[in-house]
Amino acid sequence: MAVLVTGGAGYIGSHTVAALLERGEEIVIVDNLQQGHKEAVLGGKLYSGDLRDADFLGTVFQENDIDAVIHFAASSLVGESMKDPGKYYHNNVYGTLCLLEKMNQYGVKKIVFSSTAATYGEPENVPVDELDRTLPTNAYGETKLAMEKMMKWFDVAHGIKFVSLRYFNAAGAHESGKIGEDHNPETHLVPVVLQVALGQRPHISVFGEDYPTDDGTCVRDYIHVSDLADAHVLAVEKLRKGGGSAIYNLGNGTGFSVKQVIDIAVEVTGREIPAVFEARRAGDPAVLVASSARARQELGWSPSRSKLEDIIGSAWAWHQANPSGYNK
Ligand code: UFG
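Keep in mind the model is a prediction, meaning the values are calculated, not measured.

Before going further, it helps to examine the confidence of the model for the protein. Within the protein, residue pLDDT values average 97, and 100% of them lie at 70 or more. The secondary structure element of the protein with the lowest average pLDDT is helix H3 (residues 78-83), at 90, and the one with the highest is strand E1 (residues 2-6), at 99.

Okay, the pattern of salt bridges next. Per the stated rule, a full pass over the model turns up 15 salt bridges. Taking the shortest distance from any N to any O, the salt bridge between aspartate 129 and arginine 294 comes out at 3.2 Å. Placement of the pair is aspartate 129 in the loop between strand E5 (110-116) and helix H5 (139-158) and arginine 294 in helix H9 (residues 293-299), with a sequence separation of 165 residues. For aspartate 129, a relative accessible area of 23% gives the class partly exposed.

Let us look at a negative patch on the surface. Together, Asp263, Glu267, Glu309 and Asp310 make up a region of like negative charge exposed at the surface. At the level of elements, helix H8 (258-269) and helix H10 (308-321) are the ones that each hand at least two residues to the negative patch. For aspartate 263, the position within the fold is in helix H8. Classification of aspartate 263 by relative accessible area gives partly exposed; the value is 48%.

Across the sheet, which stays open at both edges, the seven strands sit in the order E3-E2-E1-E4-E5-E6-E11 with parallel pairing between neighbours. Only two strands of the sheet have a single neighbouring strand rather than two, namely strand E3 (45-48) and strand E11 (246-250). On average, each strand axis in the sheet is inclined to that of its neighbour by 20°, with strand direction left out of account. On the sheet, helix H2 (residues 54-63) packs against E1, strand E2 (26-31), E3 and strand E4 (66-71) and is oriented at approximately 165° with respect to E3.

In this section: the packing of aromatic side chains. All chains considered together, the criterion is met by four aromatic pairs. Centroid distance tyrosine 47 to phenylalanine 56: 6.5 Å. Interplanar angle 70°. Geometry classified as edge-to-face. When its relative accessible area of 13% is taken as the criterion, tyrosine 47 is described as buried. When the ring centre of tyrosine 211 is taken as reference, the NZ or CZ atom of arginine 280 above it lies at 4.0 Å.

Let us look at helix H6 (residues 189-197). For H6, a buried count of nine out of nine residues is recorded, marking the element as mostly surrounded by other parts of the structure. Turning to H6, its buried residues are Leu189, Val190, Pro191, Val192, Val193, Leu194, Gln195, Val196 and Ala197. Glycine 199 occupies a position one or two residues after H6 and carries a positive phi of about 85°.

Take the site of the ligand next. Taken together, 21 residues surround the ligand, and among them Thr116, His188, Ser205, Arg281 and Asp284 come closest. Within the side chain of tyrosine 140, one N or O atom sits 3.1 Å away from an oxygen atom of the ligand. The separation between an oxygen atom of the ligand and a polar side-chain atom of aspartate 284 is 2.6 Å. Isolated, the ligand exposes 680 Å² of accessible area, and the fraction of that covered by the protein chains is 93%. It is strand E8 (residues 204-207) that contributes the most residues to the shell around the ligand, four residues altogether. Partitioned by chemical class, the residues of the shell around the ligand number 12 nonpolar, six polar and three charged.

Moving on, we get to the packing of H6 against H10. The relative placement of two packed helices comes down to the angle between their axes together with the axis-to-axis distance. Running from N to C, H6 and H10 point in directions that differ by 55°, and their axes come no closer than 10 Å. Considered as vectors, H6 and H10 are oriented oblique to each other. The two elements H6 and H10 cross, and the hand of that crossing is right-handed. Counting all contacts with H6, which are made through Val190, Pro191, Leu194 and Ala197, the residues of H10 involved are Ile312, Ala315, Trp316 and His319. Of the residues contributing to the contact of H6 with H10, the split by class is seven nonpolar, one polar and no charged.

Thresholds applied
- Residues numbered from 1 in each chain as written.
- Predicted model: local features only at pLDDT ≥ 70, side-chain atom pairs only at ≥ 80, totals over all residues.
- Heavy atoms only, no water.
- pLDDT = per-residue confidence, 0-100.
- Helix = DSSP H or I, 4+ residues; strand = E, 2+ residues; numbered from the N terminus.
- Salt bridge = Lys/Arg side-chain N within 4 Å of Asp/Glu carboxyl O.
- Buried < 20%, exposed > 50% of the residue type's maximum accessible area, 1.4 Å probe, protein only.
- Patch = residues over 30% accessible without salt bridge, like charges linked within 9 Å, V, L, I, M, F, W, Y side chains within 5 Å.
- Areas by Shrake-Rupley, 256 points an atom, 1.4 Å probe, with all protein chains shown as cover.
- Lys, Arg positive; Asp, Glu negative; His and termini not counted.
- Charge placed at Lys NZ, Arg CZ, Asp CG, Glu CD.
- Pairing = 2+ DSSP bridges.
- Axes fitted to C-alpha atoms, helices over the stretch in contact; angles between N-to-C directions.
- Contact = heavy atoms within 4.5 Å.
- Phe/Tyr/Trp six-rings, centres within 6.5 Å; stacked < 30°, edge-to-face > 60°.
- Lys NZ or Arg CZ within 6 Å of the ring centre and 35° of its normal.
- Near = heavy atom within 4 Å.
- Polar contact = N/O pair within 3.5 Å; in protein donor to acceptor, adjacent residues only side chain to side chain.
- Nonpolar A, V, L, I, M, F, W, Y, C, P; charged D, E, K, R; others polar.
- Parallel < 35°, antiparallel > 145°, perpendicular 65-115°, else oblique.
- Left-handed = near helix turned anticlockwise from the far one by under 90°.

Written out as structure tokens, the structure reads:
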């Protein structure tokens, strides 16, 4: 039995493939390689193609004995989604529909889904609980919420069980040093800050200094990518044991402001990281911090790389060794 990982050449996908390999799983990866990197796939059978290509996806299901899917393949930039929402509906929502229909056709009944804290929008409560209101403030979060809802109805109609994992802010790199974060363009705070530390950018632009937080900058819950990867493995196990559909937050439960992240990065790298304060970025909530109590209780998940110094330290090791990303 194989696990199909869509988007397995991307940042969180590739770390999950690594975690599955460590457990001796048979793995099939589908990635259109628009954002992903072949070099990030440490093992398994890689198919290069798009979920929206029905013939291609049919071949993947036909050639492999797939019993579970972990679905990462999606566009995932908040800023871009505000400028080009159509791209997000097409790639994320329509792509997921194509995948679920193919799963239904081939009788595959388990899916673990890469969801996001962006489904909540400006949260009602801090920390955020899974039962809190979902009112996305950006198109990216709206498409991820639509994908979750689609899965709910495929469960009702076809018995496809899903575990949706709503991550807060993924950061860090694999302890082996073999894989890390390489987006083009890079927009995420931690890698951009480290690019400044490497001298690749003159400064970090801080988006907004007038939020209702202690220092005026946005607060986020940073979680190590390998801790996220472990949760996916546990979710597959839960579904294989007959577990029902569920939604879990994944975060450390501690918030750090943009300014605090920069200060810790200065300590970790020993480099100067000049900051320039700019206007708010459209669609950014002020504070996003997770309650992951359900994931801890029901999945048995326990993040083991929680210190932000260590998360940024692992990212720094990757960026120093791979200053231009993969294979460049
Ligand atoms: N930020 C800056 N300057 C930058 C980049 C980011 O000030 O150059 C700020 C943002 O405004 C935000 C914080 O740093 O306040 C974190 O921004 P990221 O872009 O790193 O992450 P986001 O919080 O926007 O989004 C990330 C993922 C989403 C996910 C979300 C959930 O990209 O997929 O976390 O919180 F939905």
